[in-house]
Amino acid sequence: MDFELTEEQVAVKKSAVRFAQNELNDEMIERDRDGAFSRKLWLKCADFGVQGAAFPREYGGGDADILSTVLLMEGLGYGCKDSGLLFALNGQMWTVQMPILRFGSDGQKHGYLPKLCSGEWIGAHGMTEPNSGSDAFSLSTTAKLEGDYYILNGTKTFSTNAPVADVFMVFATVDKSKGFMGVTAFIVERGFPGFSVGKDIGKMGLRTAPMAELVLEDCRVPVENRLGKEGNGAAIFEDAIEWERSCILASLLGGMERQLERCIEYAKRRKQFGRPIGKYQSIANKIVDMQVRMETARLVLYKVACMKQAHGKATMDAAIAKLYLSESWIQSCLDAVQIHGGYGYTTEFELERDLRDSVASTLYSGTSEIQRNIIARLLGL
Amino acid sequence: MTVLEKIEKFLMAEVAVDLDKESLQPDEDLLGSGIIDSMTVIKLVLFLEETFGIEVKDEDLVPENFQNLNSMVEYVERNQGNR
């Protein structure tokens, strides 16, 4: 087992940190306050190679291995204060681009991936419905084949990027009697007849990642826009979510490192009762726990990256990583606020935003409860 | 033990344990009945791969291969024949 990163991998992370610090943090407080998505930053990320990083060169990607991609996202998480932007990027990369790459026809790959890698198009994912969240495959949206088209009817909710997206990965059932194996994936373009984006959804954090409902009313989707076979949607969804679970967390890891360094610096500088607060055990222990969580989170995450590179699948370990990193991230955010005291609670110090943003991490890509269910099943329980 | 018997034994012990059933019919619909769902299929795939030495690809997770015991047996035997 080799814990050393190559020079190239270290350079990837450093380069991402520099890019993010220099290019992605302008007017962060205002953009968060206004819930403003920035297409300008989206395109800067595409120019830097973020969206295409893990995708083959023939589709406009960078052909990076998985660990290098994780390090790229970790570097962005360290350097970029805009967790919403990183969430939106991850959402597109793993739940729109990756399923097209892994299950798409040549036409679908060549038709969509270059536009998504270049930033020209934005992608969104449509699985969750008003009445199906954790029980995702009990969805109600239907798809009926009529000639050369599927007719889709239903409503999706919590679709990240939806207000600004051009293409949507939508899941619907072609046959409810087949249970979860009736679920089928479709690539829906914004201009398809019967498709519309509903109202924007306001939220506690990740405000720069816009979110909305998708409305499908007799939406006509050409047969060639079905992704994979009929009934293969559940497997496609699970594969995509496993990728997301494995990689979206890398940005959280970078965020933990950023917070830790900031807390150490503050604990050395801030004096109370005549001594730096870091000299008090109650503060020092909190920072030590942040360090321990970050290092263990890194080991878990890199292991998943290596497993996916080698085997493609890492169901148990991806669930462990999702569970552990998301809960560690929230705790790290709480600790950072507590260490900074009243200042930590202020908008100006930009720690309360991290905390608000972090709360979503135990909800998206499968709640902590679902991760525990997956692990329990694989333990034979 | 035949392929069908091995799969049935696994499903009865690991998946259908709460269903108060003595056995599964070869053509019994396992998807519509919910006996195989999105959580149990993870264990089922691991079982098929380890027991029969096959690789269950994601694109094979479709009703034609998992609707009932008969379709699973056909899938396993086809997969073994292709090795």
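Residues numbered from 1 in each chain as written. Chains lettered and ligands numbered in written order. Predicted model: local features only at pLDDT ≥ 70, side-chain atom pairs only at ≥ 80, totals over all residues. Heavy atoms only, no water.

Chemist: Requested: an account of helix H2 (residues 40–52) of chain B, with residues and values cited.
Modeler: With 13 residues, H2 of chain B should reach 18 Å at 1.5 Å per residue; the first-to-last C-alpha distance of 18 Å fits that figure. Where H2 of chain B is buried, its residues meet helix H12 (368–378) of chain A together with helix H1 (3–15), helix H3 (63–66) and helix H4 (69–81) of chain B. (Helix = DSSP H or I, 4+ residues; strand = E, 2+ residues; numbered from the N terminus. Expected span 1.5 Å × (residues − 1). Contact = heavy atoms within 4.5 Å.)

Chemist: Lay out the side chain of Thr157 of chain A in plain terms, naming residues and giving numbers.
Modeler: For Thr157 of chain A, the location among the structural elements is in strand S3 (residues 149–160). A relative accessible area of 8% places Thr157 of chain A in the buried class. (Buried < 20%, exposed > 50% of the residue type's maximum accessible area, 1.4 Å probe, protein only.)

Chemist: Help me get a handle on the packing of helix H1 (residues 7–23) of chain A against helix H4 (residues 66–79) of chain A, residues and values and all.
Modeler: Residues and elements named next belong to chain A. Closest axis-to-axis distance for the H1/H4 pair is 7 Å, and the angle between their directions is 30°. When the interaxial angle is binned, H1 and H4 end up roughly parallel. Here H1 and H4 pass one another in a crossing that is right-handed. Residues Gln9, Val12, Lys13, Ala16, Val17, Phe19, Ala20 and Gln21 of H1 lie in contact with H4, whose contacting residues are Leu67, Ser68, Leu71, Leu72, Glu74, Gly75, Leu76, Tyr78 and Gly79. (Axes fitted to C-alpha atoms, helices over the stretch in contact; angles between N-to-C directions. Parallel < 35°, antiparallel > 145°, perpendicular 65-115°, else oblique. Left-handed = near helix turned anticlockwise from the far one by under 90°.)

Chemist: Pulling in residues and values, what's your account of the pattern of salt bridges?
Modeler: Residue and element names in this part refer to chain A. Taken as a whole, this structure holds 23 salt bridges over all chains when the rule is applied. Between Asp239 and Arg102 there is a salt bridge whose closest N-O contact spans 2.6 Å. Linking Asp239 in helix H7 (residues 233–269) with Arg102 in helix H5 (residues 83–103), this pair joins segments that are 137 residues apart in sequence. The exposure class of Arg102 is partly exposed, given its relative accessible area of 35%. (Salt bridge = Lys/Arg side-chain N within 4 Å of Asp/Glu carboxyl O.)

Chemist: Can you break down the packing of aromatic side chains residue by residue, with the values?
Modeler: All names here are of chain A. For the structure on display, the rule yields 14 aromatic pairs over all chains. Centroid distance Phe37 to Trp42: 5.7 Å. Interplanar angle 55°. Geometry classified as tilted. By relative accessible area, Phe37 is classed as buried at 17%. Where Trp94 meets Trp243, the ring centres are 5.9 Å apart and the plane angle is 15°; that geometry is what we call stacked. Residue Trp94 is located in helix H5, and its partner Trp243 is located in helix H7; the two are separated by 149 residues in the primary sequence. Trp243 matches Trp94 in its accessibility class, with the two residues each being buried. Put simply, the rings of Phe137, Phe171, Phe180 and Phe237 touch in pairs and so form one group of aromatic residues. Seen from the ring of Trp121, Lys115 lies directly overhead, with NZ or CZ sitting 4.3 Å from the centre. Between Lys308 and the ring centre of Trp243, over which it is positioned, the NZ or CZ distance is 4.6 Å. (Phe/Tyr/Trp six-rings, centres within 6.5 Å; stacked < 30°, edge-to-face > 60°. Lys NZ or Arg CZ within 6 Å of the ring centre and 35° of its normal.)

Chemist: Tell me about the interface of chain B and chain A, and please be specific about residues and values.
Modeler: In this complex, chain B contributes 20 residues to the contact, which on the side of chain A involves 22 residues. Contact between chain B and chain A buries roughly 1700 Å² in total, counting both sides, with carbon and sulfur atoms accounting for 66%. Connecting chain B to chain A are 1 salt bridge. Of the charged contacts in the structure, one is a salt bridge between Asp58 of chain B and Lys313 of chain A, with a shortest N-O distance of 3.3 Å. Counting across the chain B and chain A interface gives 5 residue pairs in polar contact (both at pLDDT 80 or more). When residues of the side of chain B that touches chain A are traced back to their parent elements, those giving at least two are H2 and H3 of chain B. When residues of the side of chain B that touches chain A are assigned to their parent elements, the largest contribution, 5 residues, is made by H2 of chain B. (Buried area = accessible area lost by both parts, 1.4 Å probe. Polar contact = N/O pair within 3.5 Å; in protein donor to acceptor, adjacent residues only side chain to side chain.)

Chemist: Explain the packing of H1 of chain B against H2 of chain B to me, and be specific about the residues and the numbers.
Modeler: Residues and elements named next belong to chain B. Running from N to C, H1 and H2 point in directions that differ by 145°, and their axes come no closer than 11 Å. For H1 against H2, the interelement crossing comes out right-handed. Every residue of H2 that contacts H1 at Val3, Lys6, Ile7, Phe10, Leu11, Glu14 and Val15 is listed here: Thr40, Lys43, Leu44, Phe47, Leu48, Thr51 and Phe52.

Chemist: Describe in detail the state of the cysteines, supporting the description with residues and values.
Modeler: Residue and element names in this part refer to chain A. Evaluation of the coordinates by the stated rule reveals 0 disulfides over all chains. Cys80 supplies the cysteine sulfur nearest to Cys45, a cysteine that is in no disulfide, at a spacing of 7.0 Å. Accessibility expressed as a relative area gives 0% for Cys45, which makes it buried. (Disulfide = S-S within 2.5 Å.)

Chemist: Residues and numbers for the domain arrangement of chain A, please.
Modeler: All names here are of chain A. Per the domain assignment, the segments making up chain A are domain 1 (7–123), domain 2 (124–231) and domain 3 (234–378). Placing the centre of domain 1 and that of domain 2 at their C-alpha centroids yields a distance of 23 Å. On the domain 2 side, the residues contacting the 28 residues of domain 1 number 21 residues. With both sides pooled, the region where domain 1 packs onto domain 2 buries about 2000 Å², and carbon together with sulfur makes up 63% of that total. At the boundary of domain 1 and domain 2, one finds 0 salt bridges. One can count 11 residue pairs in polar contact (both at pLDDT 80 or more) joining domain 1 with domain 2. Where the side of domain 1 that touches domain 2 is concerned, the elements lending two or more residues are helix H2 (28–34), helix H3 (39–48), H5 and helix H6 (106–118). Here the element with the most residues in the side of domain 1 that touches domain 2 is H5; it accounts for 11 residues. For the side of domain 1 that touches domain 2, the class distribution of residues is 15 nonpolar, 8 polar and 5 charged. (Domains from an automatic or database assignment. Nonpolar A, V, L, I, M, F, W, Y, C, P; charged D, E, K, R; others polar.)

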